[in-house]
Amino acid sequence: MNAIELKRVTKNYGAFSLKDITLSLPSGCILGLVGENGAGKSTTIRLLLNAAARDAGEITVLGRDVRKKEFRRVKEQIGVVLDEAYYPDVLSAGNVNLIMKHIYRSWQEDIFYDYLKRFALSEKKLFKEYSRGMKMKLAIAAALSHQPKLLVLDEATSGLDPVIRDEILEIFNDFTRDEDHSVLLSSHIISDLEKISDYIAYLHQGKLVFCEEKDRLLEEYGILHTTSAGLSDVPKDAIEAKRQGRYSTEVLVRRSRLSGAFDVEPANLEDIMLFMAKKGE
Amino acid sequence: MEILIKNSSGQPIYEQIYTQIKDLILNGALAEGDALPSIRGLAKDLRISVITTKRAYDELEREGFVNTVAGKGCFVAGTDRELIREEHLKKIETHLQAISQLAKSCGITNEELIEMFRILEVEE
């Protein structure tokens, strides 16, 4: 089953539009959504939470059309963390617990307190005294405490230091030990997504460039350093994109279309994305 | 059981898992009937993709090294001697191919190679 499914989804905002997006997140997996600022990551997330209405296409989340009335029930099973945590300044973690208890039928106090302990968050401290990392951890603790099946995080790790980011990624990793649990996270910190994702979806200027299994991408694409003369020896269909400099040429190649005779270097996700972004222009 | 994943090795991750588990079975560190870790558990502990781990397990099953019992997990299959011999032969073949290529590239004849092999044998 797919936790999230988008079919030919389109949304027009006048100056910006999201065009013909088709992607899916199989249950039990982690999907990383990458793309530059303004590529459409947040719009995609808003659409699949039904916080914005699509203009065309189909969206189902946890098996339900997000525009149907029943989706309100499904929403209880989705934990959402946006790039800014948004609790009122005068609340403490203890207050958050009391409020959430009345919002979510499935709220679990003991789990929430477990996370507070694990994240070293004090129950009494007021939200305005929290650091950015603490705010994010509180939002994640709250998102995980109503037994969600799907976690949706929009830039949840940006602005945090590497140690905290890693701790947070480890929580998502643990969360998906259950095969009914899935995670969608958007970030422009590509190394984070490369560490944790099963699938990567790449949005560029409102279009989906690819949605692929991460390890397949890393296996398939490589970088070849060559000269402009050497370039003519490379089979045309193996060349995905190229970067021509004055003294050398770098080519993003597909290994499956290339013989073993070429000395291809491994490419990381960032390389693949940068090459493909250039290609489109 | 320990599995080391290297990101820099250029070898696909599923292949690294596949070869390492296969080697553990071939050298007897994993015996017939031993349970392999669950796909999801192994993936999460190694912090790699679940799909990639599944690919490695599928490959092991296809080659007859493990059996999957629905709802119970994955177990080391009874490896017969033939299979082990076959695997070792395959390995020797790859090494021999590399030797033969290297020898050709620097003009060493087969006779010289055989002579070298004999000398090495005696020294051992």
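Because the structure is a prediction, the values reported are computed rather than measured.

### Concerning the nonpolar core
All names here are of chain A. Judged by nonpolar contacts, the single largest core of 54 residues is most densely connected at Leu138, Leu153, Phe172 and Leu252. Here this core takes eight residues from helix H5 (residues 132-144), the largest share from any one element. Beyond its immediate stretch of four places on either side in the chain, Phe172 contacts Ile30, Ile140, Leu151, Leu153, Val183, Leu185 and Ile196. One finds Ile4, Leu25, Ile59 and Val61 within the second-largest nonpolar core, a separate group that totals 31 residues.

### Considering the domain arrangement of chain A
Residue and element names in this part refer to chain A. Domain boundaries in chain A define domain 1 (2-215) and domain 2 (217-280). Each of domain 1 and domain 2 has a C-alpha centre, and the two are 34 Å apart. Each side of the interface is counted separately: domain 1 has 13 residues, and domain 2 has 10 residues. Both faces considered, domain 1 and domain 2 share a buried interface measuring about 1,100 Å² in area, 74% of it formed by carbon and sulfur atoms. Seen at the junction of domain 1 and domain 2, the total is zero salt bridges. For the side of domain 1 that touches domain 2, the secondary-structure elements that each account for two or more residues are helix H7 (190-196), strand E9 (199-204), strand E10 (207-213) and helix H8 (214-220). For the side of domain 1 that touches domain 2, the leading source of residues is E10, giving four residues. A class-by-class count of the residues in the side of domain 1 that touches domain 2 yields six nonpolar, two polar and five charged.

### Topic: the layout of surface pockets
All names here are of chain A. Here the largest pocket is characterised by a volume of approximately 600 Å³. Listed by contribution, the elements that provide at least two residues to the lining of the largest pocket are H7 and H8. Per element, the largest residue contribution to the lining of the largest pocket is four residues, and it comes from H8. Partitioned by chemical class, the residues of the lining of the largest pocket number eight nonpolar, six polar and eight charged.

### Description of the packing of aromatic side chains
For the coordinates displayed, the defined rule picks out seven aromatic pairs over all chains. An angle of 15 degrees between the planes, with centres 6.3 Å apart, marks the rings of Tyr104 of chain A and Trp107 of chain A as stacked. Judged by its relative accessible area of 9%, Trp107 of chain A falls in the buried class. In this structure an aromatic cluster arises from ring pairing among Tyr104, Trp107, Phe112 and Tyr113 of chain A. The lysine or arginine in question, Arg243 of chain A, covers the ring of Phe275 of chain A, its NZ or CZ lying 4.3 Å from the ring centre. Between Arg55 of chain B and the ring centre of Tyr14 of chain B, over which it is positioned, the NZ or CZ distance is 4.1 Å.

### What about the interface of chain A and chain B?
With 19 residues of chain A in contact, the opposing surface of chain B contributes 13 residues. A combined buried area of about 1,400 Å² lies between chain A and chain B, and 39% of that area is made up of carbon and sulfur atoms. Three residues stand out in chain A for area buried against chain B, namely Arg177, Asp215 and Glu219 of chain A, and they jointly supply 35% of the buried area on that side. Linking chain A with chain B are five salt bridges. Arg47 of chain B is the partner of Glu170 of chain A in a salt bridge, and the nearest nitrogen-oxygen pair spans 3.1 Å. At the boundary of chain A with chain B, the tally comes to 10 residue pairs in polar contact (both at pLDDT 80 or more).

### Structural notes on the packing of helix H1 (residues 13-26) of chain B against helix H3 (residues 50-62) of chain B
Residue and element names in this part refer to chain B. The geometry of H1 relative to H3 is characterised by a closest axis approach of 8 Å and an angle of 45 degrees between their N-to-C directions. By the angle between their directions, the pair H1 and H3 is classed as oblique. The chirality of how H1 crosses H3 is right-handed. Contacts from Ile13, Tyr14, Ile17, Tyr18, Ile21 and Lys22 of H1 reach H3 at Thr52, Thr53, Arg55, Ala56, Tyr57, Glu59 and Leu60.

### Observations concerning empty space enclosed by the protein
One pass over the structure, following the stated rule, counts one cavity of 30 Å³ or more. What lines the largest cavity is Asn173, Lys195, Ile196 and Asp198 of chain A together with Lys44, Arg47 and Ile48 of chain B. Grouping the constituent residues of the lining of the largest cavity by class yields two nonpolar, one polar and four charged.

### Some remarks on the environment of Ser27 of chain A
Residues and elements named next belong to chain A. Among the secondary structure elements, Ser27 is positioned in the loop between strand E2 (17-26) and strand E3 (30-34). Here Ser27 falls in the partly exposed class, since its relative accessible area comes to 24%. Considering only alpha carbons, one finds Ser27 and Tyr13, 14 residues apart in sequence, at a separation of 31 Å. Among the polar contacts made by the side chain of Ser27, one reaches the main-chain carbonyl oxygen of Glu179 at a distance of 3.3 Å.

Definitions and limits used
- Residues numbered from 1 in each chain as written.
- Chains lettered and ligands numbered in written order.
- Predicted model: local features only at pLDDT ≥ 70, side-chain atom pairs only at ≥ 80, totals over all residues.
- Heavy atoms only, no water.
- Core = buried A, V, L, I, M, F, W, Y, C linked by side-chain atoms within 4.5 Å.
- Buried < 20%, exposed > 50% of the residue type's maximum accessible area, 1.4 Å probe, protein only.
- Helix = DSSP H or I, 4+ residues; strand = E, 2+ residues; numbered from the N terminus.
- Contact = heavy atoms within 4.5 Å.
- Domains from an automatic or database assignment.
- Buried area = accessible area lost by both parts, 1.4 Å probe.
- Salt bridge = Lys/Arg side-chain N within 4 Å of Asp/Glu carboxyl O.
- Nonpolar A, V, L, I, M, F, W, Y, C, P; charged D, E, K, R; others polar.
- 1 Å grid on protein atoms, 1.4 Å probe; cavity = no way out; pocket = protein on both sides within 12 Å on 5 of 7 lines; lining within 4 Å.
- Points joined across faces, edges and corners; volume = space filled by probe spheres on them.
- Phe/Tyr/Trp six-rings, centres within 6.5 Å; stacked < 30°, edge-to-face > 60°.
- Lys NZ or Arg CZ within 6 Å of the ring centre and 35° of its normal.
- Polar contact = N/O pair within 3.5 Å; in protein donor to acceptor, adjacent residues only side chain to side chain.
- Axes fitted to C-alpha atoms, helices over the stretch in contact; angles between N-to-C directions.
- Parallel < 35°, antiparallel > 145°, perpendicular 65-115°, else oblique.
- Left-handed = near helix turned anticlockwise from the far one by under 90°.

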